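# Remarks on the overall topology
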There are 2 protein chains.
Amino acid sequence: MDKKKFRIAIDAMGGDFAPINEVQGVISVFETKPPDLDIEIILIGNENKIKASIEQFDKGLLKNSNYSIIHTEEVITMDDDPTVALKKKKNSSLYKGIELHCQGYADAFVSAGNTGAVLSTATILNGRINGVSRPTIGSFFPTKNKYPSLVLDVGANIDTKARYLYEFAVMGSIYTTQMLGLEHPKVGLLNIGEEESKGNDTLLEAYSLLKSSNLNFIGNVEGRDILLGKADVIVCDGFTGNVILKFAESVLDLFKTKLKSFASKNILNTIMLGLLKPAFKKVFAEFDYQKYGGVPILGINGVVIIGHGKSSPMAIQNMIYKSIEQIKKDINKKIEYALTKSILSTNN
Amino acid sequence: MDKKKFRIAIDAMGGDFAPINEVQGVISVFETKPPDLDIEIILIGNENKIKASIEQFDKGLLKNSNYSIIHTEEVITMDDDPTVALKKKKNSSLYKGIELHCQGYADAFVSAGNTGAVLSTATILNGRINGVSRPTIGSFFPTKNKYPSLVLDVGANIDTKARYLYEFAVMGSIYTTQMLGLEHPKVGLLNIGEEESKGNDTLLEAYSLLKSSNLNFIGNVEGRDILLGKADVIVCDGFTGNVILKFAESVLDLFKTKLKSFASKNILNTIMLGLLKPAFKKVFAEFDYQKYGGVPILGINGVVIIGHGKSSPMAIQNMIYKSIEQIKKDINKKIEYALTKSILSTNN
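These notes cover the structure that comes with them.

How each quantity is defined
Residues numbered from 1 in each chain as written. Chains lettered and ligands numbered in written order. Predicted model: local features only at pLDDT ≥ 70, side-chain atom pairs only at ≥ 80, totals over all residues. Heavy atoms only, no water. Contact = heavy atoms within 4.5 Å. Buried area = accessible area lost by both parts, 1.4 Å probe. Salt bridge = Lys/Arg side-chain N within 4 Å of Asp/Glu carboxyl O. Polar contact = N/O pair within 3.5 Å; in protein donor to acceptor, adjacent residues only side chain to side chain. Helix = DSSP H or I, 4+ residues; strand = E, 2+ residues; numbered from the N terminus. Nonpolar A, V, L, I, M, F, W, Y, C, P; charged D, E, K, R; others polar. Patch = residues over 30% accessible without salt bridge, like charges linked within 9 Å, V, L, I, M, F, W, Y side chains within 5 Å. Areas by Shrake-Rupley, 256 points an atom, 1.4 Å probe, with all protein chains shown as cover. Least-squares fit on C-alpha atoms with pLDDT ≥ 70 in both. Buried < 20%, exposed > 50% of the residue type's maximum accessible area, 1.4 Å probe, protein only. Pairing = 2+ DSSP bridges. Right-handed = clockwise from strand over helix to strand, strands pointing away. Axes fitted to C-alpha atoms, helices over the stretch in contact; angles between N-to-C directions.

Attention shifts here to the interface of chain B and chain A. At the junction of the two partners, chain B supplies 49 residues and chain A supplies 49 residues. For the pair chain B and chain A, the summed buried area comes to about 4700 Å², and 79% of that belongs to carbon and sulfur atoms. Applying the counting rule to chain B against chain A returns two salt bridges. Across the pair Glu222 of chain A and Lys246 of chain B runs a salt bridge, and its minimum N-O distance is 2.3 Å. Between chain B and chain A we count five residue pairs in polar contact (both at pLDDT 80 or more) in total. Those elements that provide at least two residues to the side of chain B that touches chain A are α8 (225–228), α9 (238–263), α10 (267–275) and α11 (277–285) of chain B. The dominant element in the side of chain B that touches chain A, judged by the number of residues it contributes, is α9 of chain B, at 19 residues. Of the residues belonging to the side of chain B that touches chain A, the class tally is 28 nonpolar, ten polar and eleven charged.

Here you go:
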């Protein structure tokens, strides 16, 4: 069905376990992809290390698959400054990958590396979509409902203007409509109370922008409403979003520690918790960011998916499939249309 | 030992289950208090309802205990505007209680009612401690360590200046030293990265104020560090703090929902989870705000403890004991000394 070939560039040196998890993720893409889906993978990074990982994990599948390796010398670490790729390390896998994507040699770029560096490099090289003030990164949170909720921004923009929040809402709505199949995603504005009068001037202005838009705006939502699933898309400044995201990621850790300490108290506890391990795995799985396998940078002229540094091979695989889906759905076009049209209509 | 009598005024109409939980909390104070602790309780609210609750729950203990009822007609609801007590409902239990405290008829005021209304009423009637710019409310979060961490502000001040954050740190340090017995509580500044250069101008300025103070400042902490227990006192603006607090309160709910849905899938799951119920109760207990039983408004000239609307009788009891401890430790004097001294030394 899909006649188009999808050429995906991968930052093979990105994640904490690179290039092992990246290579395994690529292998599992070729193992699982439908026969009529034409994928080409471009692995970017230290050629020797990539080849060693392929040797270790590939069972002969890659030999007949459409992939290539582009060697780069420099590596961007998680501690590097976000601007390092632009200023110094242009021969890094991260920079090269985005460059290839911008030059049209790849349809998307996928990285589990330094989020800040991917964001700033892609923002500069890819540029912004027409009508977008600030590109943004969102994150999915589990909810009581069937679908997770998308919170954005989670760190790309510390200080946000009302207009940015409105644009995040537009981009988040389009993304969840296209990628999760939601019909009229409910949009909430993160605040410290439900009343329209809550929050500072920026939030008041954002409320009125959202209210007068054609989005399915349900009003202010509070911290507790994220996991309740009250809204499908929740917009906030990147400071608050980042703090909640990191807080949420640590909740599982604390539960596990407390359960372990409970289990170690006596043999009965140990046995009971041992019996329940499979249950926990299932329940905890939903709280696991890896399940969602990366999030896009929304608002740039390109398809760039970023994953957690600890992304598993499964997460890498998901990120690749997500990038393909995003290309197919032509999400950027839809964002451009919505925001340039709304610029005319709202004059903001 | 304690010759002093502690006169505690209670907002009997405050919580979601008022006056039932309030009355039960008072009864259990008289049941559990050491014989040499001289307590007088002033229950403020609808006399008939209070008496009915006493009749229902008291087994003859109150008759010989030192308590009184002050009748008030008006009730402040959770949905009322924070300024309602000051502007309109001066014959409410909330207003009367704070007024009694300010006039010297009670040594402390305890309420599980409308937090915003208690805060604004107490700030106006009690006034601020010398040296304090803005009173603040903190909240305890469970950690991997023995002690919880105190996050403040959690909603009293949406927009904060660097100086406020510094004052929150001073007040939080004194409170945890006195109430938890910590020797040199570690203070962290909530931020989106550990590097000193992270955050907006306010955070940069707060960082430098904290660094040059005599507090045990450990630098920036991130969202994940709250539950890790990296710092004993974590300061942030009230918007972020409020969102995290409400988010944290909803985590348990989501876990419970997911576990229930898992249990309902088949009989084996049901049995396993049934067996583990006592375990969960213990593990979850630490995540339960009620355990900590209320938090003080720090920075006002008085002792006012506020609790969650859903405060149990046990939480009410804890709040009363906490108010007494706070009086005994003379925390406000220590705050005044620290902040007036530091005004001279830092010139901020």
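Let us look at a nonpolar patch on the surface. A contiguous nonpolar patch, built from Ile267, Leu268, Ile271 and Leu275 of chain A and spanning about 430 Å² of accessible area, is present on the exposed surface. Following the sequence through the fold, Ile271 of chain A ends up in helix α10 (residues 267–285).

Glancing now at the relation of the copies chain B and chain A. Between chain B and chain A, the superposition needs a rotation of 180° and an axial shift of 0.0 Å, giving an RMSD of 0.0 Å. Taken together, the turn and the small shift mark the pair as related by a two-fold rotation axis. Closest to the rotation axis within chain B is the C-alpha of Thr240 of chain B, separated from it by 2.7 Å. Comparing contact sets, 100% of the residues at the interface of chain B also lie at the interface in chain A, consistent with an isologous, same-surface contact.

With that settled, consider the pairing of strand β1 (residues 5–11) of chain A. Residue and element names in this part refer to chain A. Of all seven residues in β1, five are buried, a share of seventy percent or more. Summarising the sheet, β1 and strand β2 (residues 38–45) pair through seven bridges and their orientation is parallel. Bridging across to β2, Asp11 finds its partner in Ile44. A crossover connection joins β1 to the parallel β2 through helix α1 (residues 20–32); in handedness this β-α-β unit is right-handed. Bridge count for β1 against strand β4 (residues 108–111) is three bridges, and the pairing is parallel. Note that in β4 the partner of Ile10 across the bridge is Val110.

With that settled, consider the sheet that holds strand β5 (residues 136–141) of chain A. Sheet strands associate in pairs through backbone hydrogen bonding, adopting either a parallel or an antiparallel arrangement. Residue and element names in this part refer to chain A. Reading across from one edge, β3-β2-β1-β4-β11-β10-β5-β6-β9-β7-β8 is the order of the eleven strands in this open sheet, with mixed pairing throughout. Every other strand in the sheet has two partners, leaving β3 (67–71) and β8 (216–221) as the edge strands with one partner each. For this sheet, the mean angle separating the axes of adjacent strands, direction not counted, is 25°. Of the strands in this sheet, β1, β2, β4, β5, β10 (295–298) and β11 (304–306) touch helix α12 (residues 313–329), which is tilted by about 135° from β1.

Let's shift gears to unusual backbone geometry. When glycine is set aside, most residues are seen to have a negative phi, and most peptide bonds are trans. Residues and elements named next belong to chain B. A cis amide bond, omega -5°, links Ala18 with the succeeding residue Pro19. Positionally, Pro19 belongs in the loop between β1 (5–11) and α1 (20–32). A cis amide bond links Leu152 to the next residue, Asp153, at an omega of 15°. Position of Asp153 relative to the elements: it lies in the loop between β6 (149–152) and α6 (162–180).

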